[in-house]
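Architecture and fold: a report
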Amino acid sequence: MRFAYRFSGLLGTVYRRGNLSFTRDGNSLLSPVGNRISLFDLKNNKCETLPLATRLNIVCVGLSPDGSLAILVDEEGAALLVSLIGKCVIHQFYFHKPVHSVSFSPDGKKFVVTKDNLAYLYHAPGKKREFNAFVLDKTYYGPYDETTCIDWTDDSKCFAVGSKDMSTWVFGAERWANLIYYSLGGHKDVIVACFFEENSLDLYTISQDAALCVWQCDTELDGLKPMPPKDAAKEKKAAEDDEELLEEPKGEEIHGKADPSEEETRNKVKYSRVAKYFFNKEGDFNNLTAAAYHKKTHLLVTGFASGVFHLHELPDFNLIHSLSISDQRIASISINCTGDWIAFGCSGLGQLLVWEWQSESYVLKQQGHFNSMVSLAYSPDGQYIVTGGEDGKVKVWNTSSSFCFVTFTEHNSGVTAVTFTSTGYVVLSASLDGTVRAFDLHRYRNFRTFTSPRPSQFSCLAVDSSGEIVAAGSQDSFEIFIWSMQSGRLLDVLAGHEGPISSLSFNPMKCVLASASWDKTVKLWDMLDSWRTKETFIINSDVLVVAFRPDGKELAVAALNGQITFWDHDNAVQTGSIEGRHDLQMGRKELDKITAKQAAKGKSFTTLCYSADGQSILAGGLSKFVCIYNVKEQILMKKFEISCNHSLDAMEEYLDRRKMTEFGSMALIDEGGGGDEGVAIPLPGVKRGDMSYRHFKPEIRVTCVRFCPTGRSWAATTTEGLLLYSLDSGLIFDPFELDIDVTPSNIRKTLSQKEYTMAIVMAFKLNEKKLIQEVIEAVPSSEVDVVCSSLPDLYVEKLLEFLASAFETSCHLEFYLIWAHKLLMLHGQKLKTRSVKLLPVIQFLQKSIQRHFEDVSKLCEWNIYNIKYALAISQQRGMKRAAEETPGDEEELDSDSDYLMQEAHKDNLSS
């Protein structure tokens, strides 16, 4: 139970690639993030990452019309059918080739998948259990090049498919007598999007060279005639005969022709182009990269490679407004069901924006770190996480909503370390630009900048428990710099190390600083004894990281040889060691000449952190595993695999033999041409793409791990982003001193006899959260004092922990506050003797109460302000006015109302 941490969220990355999708109610947005999917609840301002992952990065998402199912397809064509209600995988399917787009029909009975130059129509999975959820119905041939986009008519009778061969094809989902297929040309570049008009076969097609064609159909949807049964039966039999000869079933095949004969087109649906519009004006040639259309409001949104988007009203092509939201290519656009909110995804910077076009304001604006995250720190109450990245940005995240609420951009180079002070309202960051900066979380400003006499790159940072002394270690001068937080002055420069300083840590209980260096030593500096070296520990290898236990009585040191050693620093004695190199279990990179086993010999842990109770230690390094060790027993307790994304390098232990050729690995063969994002070189005979573009795979690694002060969760900064793991106690049966008589019926019987203390003890023995809640909420508020005083000491801690978790979800705020108050008042002295052990529980309780305090205080302040305002207005109305007011009198009245408002504001502040 203690190590039952589960993946609970992905922060720091909001969008990678693929298509964005709004849910049916239009209040939530699905965004593909690497090989995971995040659900942004825009109404409640929360983000949730689903606990499932594909093998490679997700490239397209198909959402069913009722919003209960989603199809996620990765880079190689492996698909997952996911239930968004149960948040689990229902079915897995392999399409054998990369898929370009997936789209469900509006009635939810079928869906189309496009791969290569074909379109496949499948029966959508139903509510019943099926052996195979993906049943192929028809295969459509027609385009000569790869297909790019899909759109359905409102009644699910037909769908359109755009292609890279500059044509758009309209296919019948059923075999209609007057529409089997129809090919539309008229463009000079790749088709980016195609959209049907509402309840019509009229079509809009948009190409990459920013041209829009409007196509009018001579037939309405009701005018589609079903094929006579005889002809349909003949064709079906022919298709079945063909299928017997094929190894892979292709369903019913429909072969389209770009130039059909006159006989084939007689009495068939006809399209005519009625207009052609161009987005690029005055020589501003800019590739159109994404588009979305809202049928009810006739709103067309188009995104461009320069980060500009346009809003047009169709069919008249009236420009509503144009705006630049980024300097990067817009990769995906989606409009919600009401047509009010537009979502934009920019894969270059990992941006996700939701724009309300009528009020011209952002509903959501999130962006992760451009490069990888390097460090993280929890706030003392565990409510916030601060991260620092190689892009020089410092971001602060809310753990309950998973959103970033402030970004500091003052650093000019990569951030190497971040930390909170003990108050939780000041964030400190060290950077390679030679500065340590302090940021205020009340006013969101950089209020202190600490620098060294000579410019030096800072690699690590520590702040003492009082928050008054800041220390930073240098990479180039091998010195440690000490500053005062109050004055910002440099207090001392500690010299003595003969190599770069790799890590610093202050003892939480004493004024002692531990510094680790590549010179194979750990030094302890006594702050009270004029920063003299108190002790020097000689380690067998270069020291990478050092960490104090929360009670300050033990020091953990990780070295380059893969060992973690534990020291009793008061007596300068080594108390134990862990050989952790084999637990890292390295993967082999595509370009490595040596095996993973050989490469692992040079690897080690680069980040350490003690758990909140100090009994275990969390360690991570240049691999996909994070290990939890028991400090006392020095054994591995659990190993977490933080990613299964094979789009990252060094994921597999052995190289894939299918990628090996007689000339070596396929990864070593440079194909020269870039991806779709490359700049097209318009010279004859030159390969498409920028010759300087190189495809690279980021390597999986863990740069920093930290335990939450509450002990309920831990976080790791990785190549994928900031991963959160927390205890999911709701699904685990974990009884405590369980007796044969302790059953739910007996507990309720005891409760009905008003033996409240006994009922609470029995409920905790069974340890089912809902039952504990039922028992506690049945206790009258007048009896809380008596129950608390008679509660055994063993259950006080358990009750406090329950109260902390109940505060997060329950609406009975005052009732639970009475419980917390009485427990702490009556058992405070006894709890104080076990303060170190109980600290995580108390911090968890404080975090929950603090969050409610912030919410309620804001609401109260707003209400007080409104009451003062209403009083000020009522006083003004009681004044006598002249019958005819001159303009001067009006100005005086305005100034009077301003004065009254100022007075009301002053009263508000004083109260």
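Look a little higher up for the structure.
Calculation criteria
Residues numbered from 1 in each chain as written. Predicted model: local features only at pLDDT ≥ 70, side-chain atom pairs only at ≥ 80, totals over all residues. Heavy atoms only, no water. Buried < 20%, exposed > 50% of the residue type's maximum accessible area, 1.4 Å probe, protein only. Helix = DSSP H or I, 4+ residues; strand = E, 2+ residues; numbered from the N terminus. Pairing = 2+ DSSP bridges. Core = buried A, V, L, I, M, F, W, Y, C linked by side-chain atoms within 4.5 Å. Salt bridge = Lys/Arg side-chain N within 4 Å of Asp/Glu carboxyl O. Polar contact = N/O pair within 3.5 Å; in protein donor to acceptor, adjacent residues only side chain to side chain. Axes fitted to C-alpha atoms, helices over the stretch in contact; angles between N-to-C directions. Parallel < 35°, antiparallel > 145°, perpendicular 65-115°, else oblique. Contact = heavy atoms within 4.5 Å. Nonpolar A, V, L, I, M, F, W, Y, C, P; charged D, E, K, R; others polar. Left-handed = near helix turned anticlockwise from the far one by under 90°. Phe/Tyr/Trp six-rings, centres within 6.5 Å; stacked < 30°, edge-to-face > 60°.

**Here we look at the pairing of strand β59 (residues 722-727)**
Burial analysis of β59 places five of its six residues in the buried class, the great majority of the element. Note: strand β58 (residues 713-718) against β59, five bridges, orientation antiparallel. Bridge pairing in β59 links A716 to L723. Hairpin connection from β58 to β59: three residues lie between these consecutive antiparallel strands, with G721 at a positive phi of about 145°.

**Observations regarding the nonpolar core**
Judged by nonpolar contacts, the single largest core of 39 residues is most densely connected at I760, I776, L799 and W819. Among the elements that take part in this core, helix α9 (residues 793-809) stands out by supplying nine residues, more than any other. Core analysis: the second largest hydrophobic core is formed by 21 residues, F3, I700, F707 and L723 among them.

**Let's talk about the pattern of salt bridges**
This model, assessed by the stated rule, comprises 21 salt bridges. For the salt bridge of D154 with K295, the shortest nitrogen-to-oxygen distance reads 3.3 Å. Of the two residues, D154 is situated in the loop between β14 (147-152) and β15 (158-163) and K295 in the loop between β23 (288-294) and β24 (299-304); the sequence distance between them amounts to 141 residues. We classify D154 as partly exposed; its relative accessible area is 28%. Residue classification places K295 among the buried positions, given a relative accessible area of 16%. Among the salt bridges present, the one from R701 reaches E390, with a minimum N-O distance of 3.5 Å. Placement of the pair is R701 in the loop between β56 (664-665) and β57 (702-707) and E390 in the loop between β32 (384-389) and β33 (394-398), with a sequence separation of 311 residues.

**Remarks on the environment of N44**
Position of N44 relative to the elements: it lies in the loop between β4 (36-41) and β5 (46-49). The class for N44 is exposed, based on a relative accessible area of 54%. Each C-alpha atom, one on N44 and one on S401, is 8.8 Å from the other, the two residues being 357 residues apart in sequence. Polar contacts involving the side chain of N44 include one to the side chain of D41, which spans 2.8 Å.

**Observations regarding the pairing of strand β50 (residues 573-579)**
In terms of strand pairing, strand β49 (residues 563-568) meets β50 through six bridges, oriented antiparallel. Considered in β50, the bridge of F566 is made with G576. Between the end of β49 and the start of β50, which pair antiparallel, lie four residues, with A572 showing a positive phi angle near 55°.

**What about the packing of helix α7 (residues 769-778) against α9?**
Contact pair α7 / α9: the axes reach a minimum separation of 12 Å and the direction vectors enclose 95°. Here α9 runs roughly perpendicular to α7, going by the angle between their axes. Taking contact as the criterion, the partners of K769, I772, Q773 and I776 in α7 are, on α9, L799, F802 and S805. Residues of the contact of α7 with α9, tallied by class, amount to four nonpolar, two polar and one charged.

**Observations concerning the sheet that holds strand β37 (residues 435-440)**
The strand order across the open sheet built from four strands is β35-β36-β37-β38, with neighbouring strands paired in antiparallel fashion. The open sheet has two free edges, formed respectively by β35 (415-420) and β38 (445-451), since each of these has just one partner strand. Between one strand axis and the next, the sheet turns by 20° as a mean value, whatever way the strands run. Pairing between β35 and strand β36 (residues 426-431): five bridges, direction antiparallel. Its bridge partner being in β36, F420 is matched across the sheet by V427.

**Notes on the sheet that holds strand β53 (residues 625-630)**
An order of β51-β52-β53-β54 is seen for the four strands of this open sheet, with the pairing classed as antiparallel. Single-partner strands in this sheet number two, and they are β51 (605-610) and β54 (635-641). Adjacent strand axes in the sheet meet at a mean angle of 25°, parallel and antiparallel pairs treated alike. Pairing geometry for β53 and β54, over six bridges, is antiparallel. The residue bridging N630 from the neighbouring strand is I635, located in β54.

**So, unusual backbone geometry**
L314 connects to P315 through a cis peptide bond whose omega is 5°. Residue position: P315 is located in the loop between β25 (308-313) and β26 (318-324). Phi angles above zero are rare outside glycine, and D116 is one such case at about 50°. Among the secondary structure elements, D116 is positioned in the loop between β11 (110-115) and β12 (118-123). On the basis of relative accessibility, which here comes to 27%, the residue D116 falls in the partly exposed class. At Y444, a residue that is not glycine, the phi angle is positive and equals roughly 55°. Its location among the elements puts Y444 in the loop between β37 and β38. Look at Y444 and you get partly exposed, because its relative accessible area is 41%.

**So, the packing of helix α6 (residues 756-766) against α7**
Look at α6 against α7: their axes get within 9 Å of each other, and the N-to-C directions meet at 170°. One finds that α6 runs roughly antiparallel with respect to α7. Note on packing geometry: the crossing formed by α6 with α7 is left-handed. Counting all contacts with α6, which are made through Y756, A759, I760, A763, F764 and L766, the residues of α7 involved are L771, I772, V775, I776 and A778. Residue composition of the contact of α6 with α7, by class: 11 nonpolar, no polar and no charged.

**As for the packing of aromatic side chains**
Each aromatic ring pair is summarised here by two numbers: the centre-to-centre distance and the angle between the ring planes. What the rule picks out here adds up to 45 aromatic pairs. Their ring planes at 75° and their centres at 5.9 Å tell us that Y5 and F707 sit as a pair that is edge-to-face. On the criterion of sequence distance, the pair formed by Y5 in strand β1 (residues 5-11) and F707 in strand β57 is long-range, its members being 702 residues apart. Across the pair, F707 and Y5 agree in class, each one buried. Aromatic side chains F458 and F481 sit 5.8 Å apart centroid to centroid with 80° between the ring planes, which places their arrangement in the edge-to-face category. Of this pair, F458 sits in strand β39 (residues 458-463) while F481 sits in strand β41 (residues 480-484), and the two are 23 residues apart along the sequence. Assigned by exposure class, F458 and F481 land together as buried. Taken together, Y5, F7, F640, F707, W714 and Y725 form an aromatic cluster joined through their ring pairs.

**Looking at the environment of L10**
The topology assignment puts L10 in strand β1. For L10, a relative accessible area of 5% puts it in the buried group. Along the primary structure L10 and L724 are separated by 714 residues, whereas in three dimensions their C-alpha atoms are 6.3 Å apart. In this structure L10 touches V33, R36, T49, E720, G721, L722 and L723, once residues within four positions along its chain are discounted.

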